[in-house]
Structures are given as structure tokens and as C-alpha cells.
Amino acid sequence: MTHPSIPSETKLPAALVCFAGLLFFAASLRYPGGYDWAAQSISSLFQPLSTDGSENPARLIAIVSVAAFCSGIAIAFDRIARRADSVRLRKTIQIACIGSMVYAFLVVTPMHDVMVTVAFAFFIVAMLATLRFLWTENRRVLVAVGLASMSGTVWNAVLYYAPVDAAPLPAVQKVSMLLWVVWLLTVYFSAIPSQVLNESRAPH
């Protein structure tokens, strides 16, 4: 039995995210004194100096990783948005996703805290609009999983902004990001029009 293959250009968001993950891992290996995955936040890797005060050679790799990641996520959100019948919903997802990823990339600058706040606000709008789109498509399971993945993001925000013990923040940050990224890519691939898959296996 022949199974439909996914066109190469359709795999771009996942490829960029995977590439970003590999770069991030490579950056962690170059971090002076070793990068503590459980105790250090993602932003540690793109700071000019490491925690011991020495120059951080992992910075450039980490910045490229963030650029690749934000590009992949923005493309995924945009292509999901194109499947929405509602123009308002489609534009909301597209504008919010572009805003969130542009500001997310700018967290590598000295204005890190401000950029995190703005990116988070845009991201929540993009996620809620995507959930609304899935609801209109009767994709109830994906809506439920999306809400569950967002709970991790909300927990991450509470640890970041609220006056509570932030010790778990680096671990929560990574786990919550992994959850929503996997969910988003699942939504992305499930939203690929069937005709695209059919055309990819048709003889040329």
C-alpha cells in the first residue's frame, strides 16, 4: 500500500525547529563551565558573559538557534491560519504569531525582559485564536491538548512574574516549551490539505 508523502517545503517548520534544537544543544556544549539544563534558563546561552564572568562563546550559536526556532514557529502558525475560513480569525493568528516570534527573537538583546513580556502577550493571542480555529473545525482533542500545553506556559509565566520561588523556572520553561511546540507541529501537519498529500504521490 502506498502512503502519501509530505512535500519537502511543507516540512520546513519542523525542519527549522529541529535545526534550532540541534544548535541549542551545540551552544550548551560550548557554554563555559558547562550548561546546567535544570538550573539555567534558555537566555543564559545568549548572554555576552557566562555566570563565571568569562566571555560566552556559545552566544552566536544560541542566537542563530533562536532565529531558526522563531522562523519555524512563525511559518507553522501562518500556514495553520490559512486554513481558517474566518478572515478575522486568520488575520488574528497571523498578526499575533508574527508579533510573538519577532519579539521572541529580540529577547537576545539587552531589552530581554520587555521583549519577553510583549512576545508572551502576542503568543497567548495566537494560541487562543488557534484554539478557536480548531474548535470551529470540531478538533476537540487538539483543543483539549492545546489547553493542557498552555497550562505549562501559564505556570512558566507565574514563576517568571510572580513573587514566588523561581528555582523550578528553567526546567518548567523547557518542558512547557517542548509541550506546546509538539502540539503546534501536530496541529500544523494535521491541517495540511488532503489534496496536497494526494498531489505529492501523483505521477508527474
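One can find the structure itself at the top, above this paragraph.
Visitor: Please clarify how the layout of surface pockets should be interpreted in this entry.
Guide: It is the rolling of a water-molecule-sized probe over the atoms that shows where space remains empty. Volume-wise, the largest pocket comes out at about 1,100 Å³. Around the largest pocket, the lining is made up of 37 residues, and of these Ile42, Phe69, Gln173, Met177 and Trp180 lie nearest the centre. Sorting the residues of the lining of the largest pocket by element identifies helix 1 (12-30), helix 2 (59-81), helix 3 (87-105), helix 4 (112-136), helix 5 (140-161) and helix 6 (169-190) as the ones contributing at least two each.

Visitor: Just checking my understanding: could you explain the environment of Leu185 for this structure?
Guide: Position of Leu185 relative to the elements: it lies in helix 6. For Leu185 and Pro13, which are 172 residues apart along the polypeptide, the C-alpha to C-alpha distance reads 7.9 Å. Not counting residues within four places of it along the chain, the set of residues in contact with Leu185 comprises Pro13 and Ala14.

Visitor: Honestly, the nonpolar core in this entry has me stumped. Any pointers?
Guide: In summary, soluble globular proteins display a tendency toward joint burial of nonpolar side chains. One finds Ile73 and Phe77 to be the most contacted residues of the largest nonpolar core, which totals 52 residues. Every element with two or more residues in this core is listed here: helix 1, helix 2, helix 3, helix 4, helix 5 and helix 6. It is helix 2 that provides the largest number of residues to this core, a total of twelve residues. In this structure Phe77 touches Ile93, Cys97, Phe123, Ala126, Met127, Thr130 and Leu184, once residues within four positions along its chain are discounted.

Visitor: What is the right way to look at the side chain of Ser149 in this model?
Guide: Considering the arrangement of structural elements, one finds Ser149 in helix 5. Residue Ser149 is classed as buried on the basis of its relative accessible area of 4%. Each residue touching Ser149, except ones within four places of it in the same chain, is listed here: Met127, Leu179, Trp180 and Trp183.

Visitor: Can you help me understand the packing of helix 3 against helix 4 in this one?
Guide: In contact at an axis separation of 8 Å, helix 3 and helix 4 are set at 150° when each is read in the N-to-C sense. Compared by their axis directions, helix 3 and helix 4 come out roughly antiparallel. Crossing hand, helix 3 versus helix 4: left-handed. From helix 3, Leu89, Thr92, Ile93, Ile95, Ala96, Cys97, Gly99, Ser100, Tyr103 and Ala104 reach across to helix 4, where they touch Met115, Val118, Ala119, Phe122, Phe123, Val125, Ala126, Ala129, Thr130, Arg132 and Phe133. Split by residue class, the contact of helix 3 with helix 4 holds 16 nonpolar, four polar and one charged.

Visitor: What should I look at first to understand unusual backbone geometry in this one?
Guide: Generally, phi is negative for residues other than glycine and the peptide bonds are trans, each holding for most cases. Backbone geometry at Asn138 places phi at a positive 60°, although glycine is not the residue there. With respect to the secondary-structure elements, Asn138 resides in the loop between helix 4 and helix 5.

Conventions used here
- Residues numbered from 1 in each chain as written.
- Predicted model: local features only at pLDDT ≥ 70, side-chain atom pairs only at ≥ 80, totals over all residues.
- Heavy atoms only, no water.
- 1 Å grid on protein atoms, 1.4 Å probe; cavity = no way out; pocket = protein on both sides within 12 Å on 5 of 7 lines; lining within 4 Å.
- Points joined across faces, edges and corners; volume = space filled by probe spheres on them.
- Helix = DSSP H or I, 4+ residues; strand = E, 2+ residues; numbered from the N terminus.
- Contact = heavy atoms within 4.5 Å.
- Core = buried A, V, L, I, M, F, W, Y, C linked by side-chain atoms within 4.5 Å.
- Buried < 20%, exposed > 50% of the residue type's maximum accessible area, 1.4 Å probe, protein only.
- Axes fitted to C-alpha atoms, helices over the stretch in contact; angles between N-to-C directions.
- Parallel < 35°, antiparallel > 145°, perpendicular 65-115°, else oblique.
- Left-handed = near helix turned anticlockwise from the far one by under 90°.
- Nonpolar A, V, L, I, M, F, W, Y, C, P; charged D, E, K, R; others polar.

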